[in-house]
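Overview (structure and organization)
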Amino acid sequence: MIRLVTLLLCLLTIAGCGPSKEELLRQQLLEAQRLEEARKEAERLAAERDARIQSRLNEAREAWDASNYLDDAMIDGLFEGKLTKELRAGTTRFVEFELQAAKYNYGAGKQSFVIVGMRNLPNSKVYSAIFPDENAAYQPGQIAKSVLEFTLKNETELNRLSQTVEKEDGQRWVAAALNFKDYPSLVTMQSSWRWEPGLFEDISWHVSPEKAYEFTNERALTMQIGFRFCPLQRCRLEHQYRQHPIHAIRSDIVSVVIGHRGTDSVLAEFVREDK
């Protein structure tokens with residue numbers, strides 16, 4: 001009996017030490033306040049994201065309409081470190097590349113393309129200096145990133161037919177960027193256009209052969225890419241590729257516009273959503 005009484009007294013004491021009604025109400029109010037602040041912060045971040053995406057889309061469309069692209073003088077200044085107002089950090093500059101159509105794939109129902117002037121470098125150790133592995137500081141070893149090279153300018157010469165061609169051992173000036181086909185940094189609303197992860201095709205348009213032919217028969221499809229270049233010396237490097245001296249600069253891809261220059265119509269848009 002004494003043990004039972006002692007146990008009951010202990011239970012009553014423990015119950016009496018619990019939070020009061022006022023304390024429970026205060027905790028509930030604090031939790032509700034925390035949830036409301038989290039909701040407002042999520043709304044603010046979403047609004048900033050939407051505004052950022054729309055601003056980048058508008059800028060890309062304006063460049064497409066005006067054909068306002070990076071010229072040779074700007075490229076020279078970029079690699080010489082003579083940065084002007086047009087090339088300051090955070091500025092987006094645009095370059096247009098031809099899309100070369102492959103044979104229509106009837107089995108997959110798609111028209112694939114290669115980006116002319118782009119080179120795919122999976123697991124590229126040569127670019128580890130400007131695209132370091134963030135985990136290397138915590139784990140042993142360096143994992144090489146997948147990088148894309150976009151030719152901005154190259155040395156040319158006239159062939160026997162008086163045609164301008166790339167010099168056999170000429171220099172190239174390229175923009176190097178993380179492979180957005182492997183790292184999902186670009187978003188789009190046009191689900192019929194999809195990046196191809198392999199080396200032999202870059203992007204595919206999932207449409208009927210009749211629709212594809214309407215836009216590919218004149219070879220007028222192009223891709224406009226918006227670059228943001230890193231102006232620092234540590235963002236540039238030089239290497240060799242098949243006797244071509246390569247001058248490279250690190251860049252981020254901000255936007256991509258696919259369009260038909262014959263009609264100046266835009267078929268697809270991709271945009272980077274983060275800062």
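Residues numbered from 1 in each chain as written. Predicted model: local features only at pLDDT ≥ 70, side-chain atom pairs only at ≥ 80, totals over all residues. Heavy atoms only, no water.

**What about the overall build of the chain?**
Formally: Starting at the N terminus, helices and strands are each numbered in turn, a helix being any DSSP run of H or I of at least four residues and a strand any DSSP run of E of at least two. Radius of gyration here is computed from C-alpha atoms only, and the compact-globule reference equals 2.2 Å multiplied by the residue count raised to the power 0.38. Only protein chains enter the accessibility calculation, which uses a 1.4 Å probe; a residue is then buried when its area is under 20% of its type maximum, exposed when over 50%, and partly exposed in between. All accessible-area figures derive from a Shrake-Rupley calculation using a 1.4 Å probe, and residue coverage is judged against the displayed protein chains alone. The charge count treats Lys and Arg as positive and Asp and Glu as negative. His and the chain ends do not count. Where a charge lies is defined by one atom per residue type, namely NZ (Lys), CZ (Arg), CG (Asp) and CD (Glu).
Regarding its fold elements, the chain presents 4 helices and 14 strands. On C-alpha atoms alone, the chain measures out to a radius of gyration of 28 Å, which is more than a quarter above the 19 Å that the 2.2 N^0.38 rule sets for 275 residues. Seen through its C-alpha atoms, the chain measures out along the principal axes to roughly 115 × 45 × 40 Å. Classification of the 275 residues of the chain by burial places 37% in the buried group. For the chain, the exposed area adds up to about 16,900 Å²; of that, 53% sits on carbon and sulfur atoms. Across the chain, 36 positive and 40 negative side-chain charges occur, with their mean positions spaced 5 Å apart.

**Notes on the packing of aromatic side chains**
Where we set the bar: We call Phe, Tyr and Trp rings a pair once their centres come within 6.5 Å, taking the six-membered ring for Trp, and we label the pair stacked below 30 degrees between planes, edge-to-face above 60, and tilted otherwise.
Under the criterion given, the structure shown has 11 aromatic pairs. Aromatic pair Phe227 and Phe229: ring centres 5.6 Å apart, planes at 20 degrees, arrangement stacked. Pair check on accessibility: Phe227 and Phe229 agree, each one buried. Following the ring pairs from residue to residue traces out a cluster consisting of Phe97, Phe150, Phe180, Trp195, Phe227, Phe229 and Phe270.

**Concerning the layout of surface pockets**
Filter applied, for reference: A pocket here means an open set of points on a 1 Å grid, computed over the protein atoms alone, that has protein on both sides within 12 Å along at least five of seven lines. A cavity is instead a set of points where a 1.4 Å probe fits but cannot get out; residues with an atom within 4 Å of a point line either one. Grid points are joined across faces, edges and corners, and a volume is the space filled by probe spheres set on the points. By the convention adopted, Pro, Cys, Tyr, Trp, Phe, Met, Ile, Leu, Val and Ala count as nonpolar, Lys, Arg, Asp and Glu as charged, and the other residues, Gly among them, as polar.
Taken as a whole, the largest pocket spans an internal volume of roughly 260 Å³. Per-element accounting of the lining of the largest pocket gives the leading share, 6 residues, to strand S4 (residues 147-154). Of the residues that constitute the lining of the largest pocket, the class distribution is 7 nonpolar, 3 polar and 5 charged. Considered as a void within the structure, the second largest pocket measures approximately 170 Å³ in volume. Lining the second largest pocket are 13 residues, and of these Leu178, Ser185, Asp252, Ile253 and Arg272 sit closest to its centre. Per element, the largest residue contribution to the lining of the second largest pocket is 4 residues, and it comes from strand S13 (residues 244-260). The residue makeup of the lining of the second largest pocket, split by class, is 6 nonpolar, 3 polar and 4 charged.

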